[in-house]
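Letter by letter, the chains look like this.
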Amino acid sequence: MSKIFSENNKKEIQDIFKKMIDLAMKFYNDRNSTFKDDIEDIQNFFESYEWKLYTGLQTLQKDEYKGFALYKEFEEEEYIKFKKGRSAWHGIYIWFGVSRDDIYMRIVTKEEEKCNALLKMQKDNILDYKFEEKIDKFEEIKDRLFDVFLYLSNYINNLSKDDFKIIKDYNMMKNNTPLNQILYGPPGTGKTYQTIDKALEIISKEEKIQIPSKDDRKNRKELFDEYVKNGQIVFTTFHQSYGYEEFIEGIKPILNDDDNIQELKYEIKDGVFKELCKKALDNRDSIKNFNFYIDKLKEKTKEDDNNPEKYFELPNTKYSIQYRGGETFRIKFDDMSKNYRDYPVNIDNIEKLYKTSSTDEIYNSAYVKAILNYLKLQGLEDYKEKDEKTNLPYIIIIDEINRGNVSKIFGELITLIEPSKRIGEKEELRVRLPYSGEEFGVPKNVYIIGTMNTADRSITSLDTALRRRFEFVEMMPKPSKLSKIEDIDLQELLKAINTRIEYLLDREKTIGHAFFMGIKDLNDLKNVFQNKIIPLLQEYFYNDYALINAVLNDNGMIFEDKKDDKYLQKKNLYNVDNERNIYSIAPFDDEIWNDIKTYQAIYDDKITNKTKNENE
């Protein structure tokens, strides 16, 4: 049985890293130094645990850091291997860097080929986990250095050998972007924020375009907004009142408000998802051409404020039309009913006739046909069916997908959204919709991205039938995205809070890093705790302040209130429950909220104990 790194050999491992630091410093001071004997001792130590060590002290002398690589070695050709290059190393390894002032540790993945180990690391955000500290603080930080090394090395040790096997058809696998995916995790982990990146990645891959880097958020958001504007991306949020009628189709009342009469009518209105699916099946060039001629006609027939009775006569017909805004033209003719000023012609119906050439279920079809014929006389070409090769991606983002009644909202779509049941696939399925009677299917170029908050106890779990049709991407807190402000280590603060929440409740109710993003000073941090963190903990622990106090490490924000109240004494309530402790939240104007030590105490027991002793 192979040895594993553990707490039992903590001091031995710390001594080895001290030797590596001393060795690096030796080369900084004397480039002609030899290191054979020194490095052999270190290599033998790691080999006893079935790890290999390589050092680039000489070959990487010009770099800012002297580097050491710790890696697992596999002899077989089909496995990812550590390779030494003149300017870079390749493979998967733990990198321990030493500069003149700092030490640094993280997992590095540089390779031309892919393996499951790399994909798991990306999914688990292990590549964001890193350690960086000053050398002169080694005695103070050596315990944390050991903890980081133990965490990273155990992560790699827990991967199987086959996880490092090269994926030969990775490019083919990579191209299979999931059609249905849900980003799930605790609040504040950036799920909704990440949907923009996910949508743009799909568009980049399918349309073969370059998108701005993740660091260029401003231009990314502008590009995203352009796709929303042209209808290629739609965004909606599920809630308890959201239904099938808003998502697929429903019957909506329409008030026909004319000069002489008001008439209430009902029409079948497409929901947001059905509209998107229709667009995904359209020939985009033909629809763009259609909209161009419709816009020209709107401008030509726009109501004249100085002469509201002026209508545009359609050539070679008995009809005259006017546009008064909205989604309809108004049409009139000599022998029409005297009860009406004019009749409405819905632009959606003109488009429907243009695409299908069928007057079925089209209201006032004769008027619709007259306007469409005029557009064709002006140069509108006949609608052309879309070439499958020019399929553009259409994306719907559903925020808080588990907050609505998913079975009710999706209805028959639970079957239709399966990748194998999409239009154009071998097992393509279509259903007849209950209101319109239309045959409906989901195109294979429609992508669904959902978000799900795992901490919300006010909602039920996602429908099982729907759950198996989605791929789930877990998004957990990333403390590594945070930094220090005014000597408060936000990374350690968030880790401490979440470790206690996970122990007392579960990992689904941890707190995301987004709560602490953008904090610039102590006042910002105070506001976050008072207005976000404390209320969230109150909800999590059902106002059990003893547990909230434990999460905050007895830092003083929550304190035991030693009440000596005459109302309690007269009623003799102390005897009813003499072990009951009463807790209070420190007043928001109390100086404790402006004390750096209050926040440091969350992750530093020494400060907590010192503060408690002072208070006592």
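What you see is a predicted model, and the numbers here were worked out from it, not measured in a lab.

Chemist: How would you summarise a nonpolar patch on the surface if you had to cite specific residues and measurements?
Modeler: On the surface, a nonpolar cluster with roughly 510 Å² of combined accessible area is contributed by Ile251, Leu264, Tyr266, Ile268 and Tyr435. For the nonpolar patch, the leading source of residues is strand E10 (residues 262–270), giving 3 residues. Note on placement: tyrosine 266 falls in strand E10.

Chemist: Account for the packing of helix H11 (residues 347–356) against helix H12 (residues 365–377), with residues named and values stated.
Modeler: Viewed as axis vectors pointing N to C, H11 and H12 meet at an angle of 65°, and their least axial separation amounts to 9 Å. Taken together, the axes of H11 and H12 are roughly perpendicular relative to one another. Here H11 runs over H12; the crossing is right-handed. Contact residues: Asn349, Ile350, Leu353 and Tyr354 in H11; Val368, Lys369, Ile371, Leu372 and Leu375 in H12. Residues that form the contact of H11 with H12 fall into these classes: 7 nonpolar, 1 polar and 1 charged.

Chemist: Can you break down the sheet that holds strand E11 (residues 312–313) residue by residue, with the values?
Modeler: Strands in a sheet are paired, the pairing made by backbone hydrogen bonds, and the direction either parallel or antiparallel. An order of E11-E12-E13-E14 is seen for the 4 strands of this open sheet, with the pairing classed as antiparallel. In this open sheet, the two strands that pair with only one neighbour each are E11 and strand E14 (343–346). Pairing of E11 with strand E12 (residues 320–323) involves 2 bridges; the strand directions are antiparallel. Among the inter-strand pairings, phenylalanine 312 is bridged to a residue of E12, identified as isoleucine 321. Against the sheet, H11 contacts strand E13 (328–332) and E14, and its axis sits at roughly 50° relative to E14.

Chemist: Account for unusual backbone geometry, with residues named and values stated.
Modeler: Its identity as a non-glycine residue notwithstanding, serine 357 has a phi of 60°, on the positive side. Mapping serine 357 onto the fold places it in the loop between H11 and H12. One non-glycine residue, glutamate 486, lies in positive phi territory at about 50°. Within the fold, glutamate 486 resides in the loop between strand E20 (484–485) and strand E21 (488–489). According to the relative accessible area criterion, glutamate 486 is partly exposed, its value standing at 38%.

Chemist: Any chance you could break down the packing of helix H6 (residues 191–207) against helix H7 (residues 217–229) for me, citing the residues and the numbers?
Modeler: Where H6 contacts H7, the two axes come as close as 10 Å, and the packing angle between them is 70°. By the angle class used here, H6 and H7 are roughly perpendicular. As for the relative orientation of H6 and H7, their crossing is left-handed in sense. Contacts from Tyr193, Ile196, Asp197, Ala199, Leu200, Ile203 and Glu207 of H6 reach H7 at Arg217, Arg220, Lys221, Leu223, Phe224 and Tyr227. Each residue belonging to the contact of H6 with H7 can be placed in one class, and the counts come to 8 nonpolar, no polar and 5 charged.

Chemist: A description of the sheet that holds strand E7 (residues 180–185) should follow, citing residues and the corresponding values.
Modeler: One open sheet accounts for 5 strands, arranged E8-E15-E18-E7-E19; its pairing is parallel. Sheet topology places strand E8 (233–237) and strand E19 (471–474) at the edges, where each strand pairs with a single neighbour. For this sheet the average axis-to-axis angle between neighbouring strands, irrespective of direction, equals 20°. With 4 bridges joining them, E7 and E19 adopt parallel strand pairing. When the sheet's bridge partners are listed, isoleucine 182 is paired in E19 with phenylalanine 472. Those strands touched by H6 are E7, E8, strand E15 (394–399) and strand E18 (446–453), and its axis lies near 165° from that of E18. Packing of helix H9 (residues 272–281) onto the sheet brings it into contact with E8, E15 and E18, and relative to E15 it is tilted by some 165°.

Chemist: Can you tell me about the pattern of salt bridges, naming the residues and giving the values?
Modeler: Taken as a whole and assessed by the stated rule, the structure comprises 37 salt bridges. Between aspartate 225 and lysine 221 there is a salt bridge, and its shortest N-O distance comes to 2.7 Å. With aspartate 225 and lysine 221 both in helix H7, this residue pair falls 4 residues apart, about one helical turn. Accessibility expressed as a relative area gives 34% for aspartate 225, which makes it partly exposed. Members of the salt-bridge network, linked through shared partners, are Glu249, Asp270, Lys274, Lys278, Lys352 and Glu438.

Chemist: Hey, could you go over the nonpolar core for me, with residue numbers and the actual values?
Modeler: In this structure, Phe17, Phe46, Phe96, Ile103 and Met105 are the most contacted members of the largest nonpolar core, which totals 49 residues. Of all the secondary structure elements, the ones that give two or more residues to this core are helix H1 (10–29), helix H2 (36–47), strand E2 (66–71), strand E4 (89–98), strand E5 (102–110), helix H3 (116–123) and helix H4 (138–157). Sort the elements by how many residues they give to this core and H4 lands first, with 10 residues. Non-local contacts of phenylalanine 46, meaning those with residues more than four positions away in its chain, are made with Phe5, Ile16, Phe17, Met20, Trp51, Leu53, Leu70 and Phe149. Core analysis: the second largest hydrophobic core is formed by 33 residues, Leu482, Ile488, Leu494 and Ala496 among them.

Chemist: For the environment of serine 204, give the residues involved together with the corresponding values.
Modeler: Tracing the sequence through the fold places serine 204 in helix H6. Serine 204 sits 189 residues away from proline 393 along the chain, and the two C-alpha atoms are 9.7 Å apart. Setting aside anything within four residues of it in sequence, one finds serine 204 in contact with Ile209 and Ile211.

Chemist: Before we move on, can you summarise the pairing of E18 with the specific residues and values?
Modeler: For E18, the tally of buried residues reaches 8 of 8 residues, placing the bulk of the element in the interior. Residues of E18 alternate between two faces, with Val446, Ile448, Gly450 and Met452 on one and Tyr447, Ile449, Thr451 and Asn453 on the opposite face, all of them buried. Relative to E18, E7 runs parallel, the two sharing 6 bridges. Its bridge partner being in E18, glutamine 181 is matched across the sheet by isoleucine 449.

Criteria and thresholds
Residues numbered from 1 in each chain as written. Predicted model: local features only at pLDDT ≥ 70, side-chain atom pairs only at ≥ 80, totals over all residues. Heavy atoms only, no water. Patch = residues over 30% accessible without salt bridge, like charges linked within 9 Å, V, L, I, M, F, W, Y side chains within 5 Å. Areas by Shrake-Rupley, 256 points an atom, 1.4 Å probe, with all protein chains shown as cover. Salt bridge = Lys/Arg side-chain N within 4 Å of Asp/Glu carboxyl O. Helix = DSSP H or I, 4+ residues; strand = E, 2+ residues; numbered from the N terminus. Axes fitted to C-alpha atoms, helices over the stretch in contact; angles between N-to-C directions. Parallel < 35°, antiparallel > 145°, perpendicular 65-115°, else oblique. Left-handed = near helix turned anticlockwise from the far one by under 90°. Contact = heavy atoms within 4.5 Å. Nonpolar A, V, L, I, M, F, W, Y, C, P; charged D, E, K, R; others polar. Pairing = 2+ DSSP bridges. Buried < 20%, exposed > 50% of the residue type's maximum accessible area, 1.4 Å probe, protein only. Core = buried A, V, L, I, M, F, W, Y, C linked by side-chain atoms within 4.5 Å.

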